[in-house]
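# Examining the three-dimensional arrangement
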Amino acid sequence: MLICRAFTPHQLPNPPLTVSEIGFDALSMSFGHGALLDETGMQIERGERVGLLGRNGCGKSTLLRILAGDQAPDGGEVLRRKGLTVAALSQEVPRELSGTVRENLHQPLEGIEAHGEWENDEKIERIARSLGLDLEENVAGQSAGQSRRVLLAKALIQEPDLLILDEPTNHLDITAVRALEEILERWQGSVIFVTHDRAFLRKVATRILDLDRGKLESYECDYSTYLVRKEANLEAEEQQNAIFDKKLAQEEVWLRRGVKARRTRNQGRVRALKAMREERADRRDKTGKVKATLQEGGRTGQIVMRAKGLTQRFGDKTVLSGLNLEIQRGDRVGLVGPNGSGKTTLLRILQEELAPSEGEVLHGTNLQIGRFDQLHDLLNDSLTVRENVCDFGDSVQVGDQRRHIMGYLQDFLFTPDQIQGPITRLSGGERNRLQLAKLMARPANLLILDEPTNDLDLETLELLEDLLVGFSGTLLIVSHDREFLDNVVTSCLVFDGEGHVRESIGGYSDDLARQAQLAAPKAADKPKATSKKGKPKEPQARRLTFNEKKELEQLPAKLEQIEATKESLLAEMAAPGFFKREGEAIARDTAKLEQIEIELAQCYERWEELELIAEAQ
């Protein structure tokens, strides 16, 4: 749903912290199985673009609803600048949209006196053009991707002070995602967003907020640097917990010895032990990672599927026009193109769920198909989580082992209460995890995945990538996640939106680079520079300057010095006493190691650059 509102002065009490745009203090929120928000606080400055990260079900969407004023917290307060305007976009696409795109974009501008009718129309045209929207199209019955664009446009058109976006790239095609990136990079207000799209995150975020076990931690850096710092923090936490647990175990042994512990002079030590017990009981251990394996079916024939002359029409619209296609065993194919261009339609035809208007599909031998559906149509809302995976049984076959459904689903991070409960209580990411659990409970040699990455947290997304890379069967994947496609597929079917499909070797970035190269004017078409005598000049190779030659000579010694510094610091950090120091000292050395890693990478990159120039001379 879309929310836009201005917050009035009475909503801003005398705050205990200075609020630039919006902030919150001692915020708490629980839903039965633990605190999603555990007395946490943070604030967002004007102009910041904040990426909010965390596991599925950790409370990201809840926090965004609280910031939007759509949900009240159990405790704490949200502090907003006087007159702050907010527009929020939830990850769920409502089904009750109606009217034309133009009418929907006019709604948020009604009653705004700052703009006249002409200015509003001009703004509507501009936003619609940037997101590829047809203003006269009726929104009822649109695809999820098209509806998503309309809702995004409704949020953007108001130019709010704070834009709250929950999975804004879900169901958007790559063209729309890149357009959104450009819009947000120019955005004058503040943005806080949740996304699984790593390329989008790298492009847009200026700060990362990490929500982990009810607490928020701010990383004043880009996404790539955040990954390094987060890993270092988790390692430091594990070391500190191990030291604490060892000390607690020693004290428990001491207390069980009895007599000495009861002496008056040792009562302080007993009280300290009780405090340690309470601290250990309150500790929320790091959530485990999803444990999963893909079950591979028997070997298929060399030809998995063959399509001849496929044409598909819906009324006057042709989405496929005379497509010939051959899928061979082991192919890893990504389907890429605008929303509504026929990607899902082709998958349905290939699975013989939809008869084509013209042409035929031939299947190879011994096909065992595993499917993933972007709209969760493979899940039954009337059944519990466990029933969706194993019907009404109590176990699943995983390879040569029979596993109880409770243990199997706990490997996918579902709690016992969730496993026995209805799937209507699951978040979008948890539903996707459930679909993966259902998919992996059965052997397959052909996986057909339609937008499998939507709503997945980044750790589960990376696990899915690893599983698919190791899968020896055949893959057909529809995805708008550029990094996912680059990491998994070896070829792409590129849909142009007008019924035509072309094949391209490599991932999405390979095709993008190839198309840019083809679009660039060829050197042969350009007029050649001539000398005074009228003869064409030969292009001159770039040569190293004196300073660059000197730099190249010095780089090996510099790299050795940096490597030595790094090894020395790693040795200090590996010492038993390192994590007994103050937290600030640990953080300082961790940050120093990150800086050394960055400097090292820059030096190697510079060395390679200078070597290439030297070789070309």
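Values in this document were obtained by computation on a predicted structure and should not be read as measured data.

Here we take up the overall build of the chain. Counting its secondary structure elements, the chain contains 19 helices and 21 strands. For the chain, with 617 residues in total, the buried portion stands at 47%.

Here the focus is the sheet that holds strand E14 (residues 358–363). What the 3 strands build is an open sheet, ordered E12-E11-E14; its pairing is antiparallel. Looking at which strands have only one partner, the edges of the open sheet turn out to be strand E12 (317–328) and E14. Neighbour-to-neighbour, the strand axes of the sheet open up by a mean angle of 15 degrees, direction not taken into account. In this sheet, E12 lies alongside strand E11 (residues 303–314) in antiparallel orientation, the contact comprising 8 bridges. If you follow Phe314 over to E12, its bridge partner there is Lys317.

Moving on, we come to the pattern of salt bridges. Scanning the entire structure with this criterion turns up 26 salt bridges. Here Arg482 ties to Asp197 by a salt bridge, and the two come within 3.8 Å at their closest N and O atoms. A residue pair is termed long-range when its members are at least 10 positions apart, and Arg482 in helix H16 (residues 482–488) and Asp197 in the loop between strand E8 (190–194) and helix H6 (198–204) qualify at 285 residues. Overall, the relative accessible area of 9% leaves Arg482 in the buried class. Overall, Asp197 belongs to the buried group, its relative accessible area being 2%. Between Arg313 and Glu358 there is a salt bridge, with its nearest N and O atoms 2.7 Å apart.

On the secondary structure map, Arg129 appears in helix H3 (residues 117–130). According to the relative accessible area criterion, Arg129 is exposed, its value standing at 59%. The sequence separation of Arg129 and Ala179 amounts to 50 residues, and the corresponding C-alpha distance is 10.0 Å.

It is worth spelling out the packing of aromatic side chains at this point. Considering all chains together, one arrives at 4 aromatic pairs under this definition. With a centroid separation of 5.0 Å and 85 degrees between ring planes, the pair formed by Tyr219 and Tyr226 is classed as edge-to-face. Tyr226 carries the same exposure label as Tyr219, and that label is buried. One aromatic cluster is present, built from ring pairs that chain together Tyr219, Tyr223 and Tyr226.

Right, let's talk about empty space enclosed by the protein for a bit. Taken as a whole and judged by the stated rule, the model has 3 cavities of 30 Å³ or more. Along the walls of the largest cavity sit Thr169, Asn170, His171, Leu172, His196, Asp197, Glu451, Thr453, Asn454, His480 and Asp481, which together make up its complete lining. The residue inventory of the lining of the largest cavity, partitioned by class, reads 1 nonpolar, 7 polar and 3 charged. Quantified by volume, the second largest cavity comes out at close to 40 Å³. Residue lining of the second largest cavity: Val290, Ala292, Phe412, Leu436, Met440, Thr460, Leu463, Leu464 and Leu467, and that is the complete set. Breaking the lining of the second largest cavity down by element, the ones donating at least two residues are helix H14 (428–440) and helix H15 (458–470).

The next point concerns the sheet that holds strand E15 (residues 369–372). Strand order in the open sheet formed by 6 strands is E15-E18-E19-E13-E20-E21, with mixed pairing between adjacent strands. Bordering the open sheet on either side are E15 and strand E21 (501–505), each of which pairs with just one other strand. The mean inter-strand angle of the sheet, taken between neighbouring strand axes irrespective of direction, is 15 degrees. Relative to the sheet, H14 contacts E15 and strand E18 (446–450), its axis offset from that of E15 by approximately 175 degrees.

What follows is about H3. Relative to the 20 Å expected for 14 residues at 1.5 Å per residue, H3 spans 20 Å between its end C-alpha atoms, a close match to the ideal helical length. Trailing H3 by a residue or two, Gly132 shows a phi angle of about 70 degrees, which is positive.

Quick look at the side chain of Asp373 now. With respect to the secondary-structure elements, Asp373 resides in the loop between E15 and helix H11 (385–390). One buried charge, Asp373, has no salt-bridge partner; the nearest side chain with opposite charge is Arg371, at 5.3 Å. Ignoring anything within four residues of it in the chain, the contact list for Asp373 reads Leu378, Gln435 and Asp450.

Its identity as a non-glycine residue notwithstanding, Glu39 has a phi of 50 degrees, on the positive side. Residue position: Glu39 is located in strand E3 (residues 35–44). The backbone of Glu167 shows a phi angle near 50 degrees, a positive value even though the residue is not glycine.

Regular strands place their side chains on alternate faces of the sheet. The element strand E6 (residues 85–89) is extensively covered by neighbouring structure, given that 4 of its 5 residues are classed as buried. Across 4 bridges, the pairing between E6 and strand E7 (residues 162–166) is parallel. Bridge pairing links Ala88 to Ile164 in E7.

The next point concerns the nonpolar core. The biggest cluster of nonpolar side chains holds 87 residues, and the ones touching the most others in it are Tyr408, Leu409 and Leu468. Ignoring anything within four residues of it in the chain, the contact list for Leu468 reads Leu294, Arg332, Leu447, Leu449, Leu475, Ile477, Phe484 and Val488. Counting residues in each nonpolar core, the second largest holds 26 residues, with Leu67, Ala68, Val78 and Ile192 among its members.

On to H15. Here H15 contains 13 residues, and its C-alpha end-to-end distance of 19 Å stays within 8% of the 18 Å for a straight helix at 1.5 Å per residue. Three or more residues of H15 are buried, namely Leu458, Thr460, Leu461, Leu464, Glu465, Leu467 and Leu468.

Close contact between H14 and H15 brings their axes to 12 Å; oriented N to C, the two are set at 25 degrees. Compared by their axis directions, H14 and H15 come out roughly parallel. Viewed along their axes, H14 and H15 form a crossing whose handedness is left-handed. Along the contact surface, H14 presents Arg433, Leu436 and Met440, while H15 presents Thr460, Leu464 and Leu467. In terms of residue class, the contact of H14 with H15 is made up of 4 nonpolar, 1 polar and 1 charged.

With that settled, consider the confidence of the model for the chain. Mean pLDDT over the chain: 81, with 86% of residues reaching 70 or higher. A low-confidence stretch, residues 1–18 (pLDDT under 50), is modelled with 48 contacts involving residues beyond four sequence positions or located in other chains. Scored below 50 in pLDDT, residues 531–539 shows 8 contacts in the model against residues more than four places distant or in partner chains.

The rules behind these values
Residues numbered from 1 in each chain as written. Predicted model: local features only at pLDDT ≥ 70, side-chain atom pairs only at ≥ 80, totals over all residues. Heavy atoms only, no water. Helix = DSSP H or I, 4+ residues; strand = E, 2+ residues; numbered from the N terminus. Buried < 20%, exposed > 50% of the residue type's maximum accessible area, 1.4 Å probe, protein only. Pairing = 2+ DSSP bridges. Axes fitted to C-alpha atoms, helices over the stretch in contact; angles between N-to-C directions. Salt bridge = Lys/Arg side-chain N within 4 Å of Asp/Glu carboxyl O. Phe/Tyr/Trp six-rings, centres within 6.5 Å; stacked < 30°, edge-to-face > 60°. 1 Å grid on protein atoms, 1.4 Å probe; cavity = no way out; pocket = protein on both sides within 12 Å on 5 of 7 lines; lining within 4 Å. Points joined across faces, edges and corners; volume = space filled by probe spheres on them. Nonpolar A, V, L, I, M, F, W, Y, C, P; charged D, E, K, R; others polar. Contact = heavy atoms within 4.5 Å. Expected span 1.5 Å × (residues − 1). Lys, Arg positive; Asp, Glu negative; His and termini not counted. Core = buried A, V, L, I, M, F, W, Y, C linked by side-chain atoms within 4.5 Å. Parallel < 35°, antiparallel > 145°, perpendicular 65-115°, else oblique. Left-handed = near helix turned anticlockwise from the far one by under 90°. pLDDT = per-residue confidence, 0-100.

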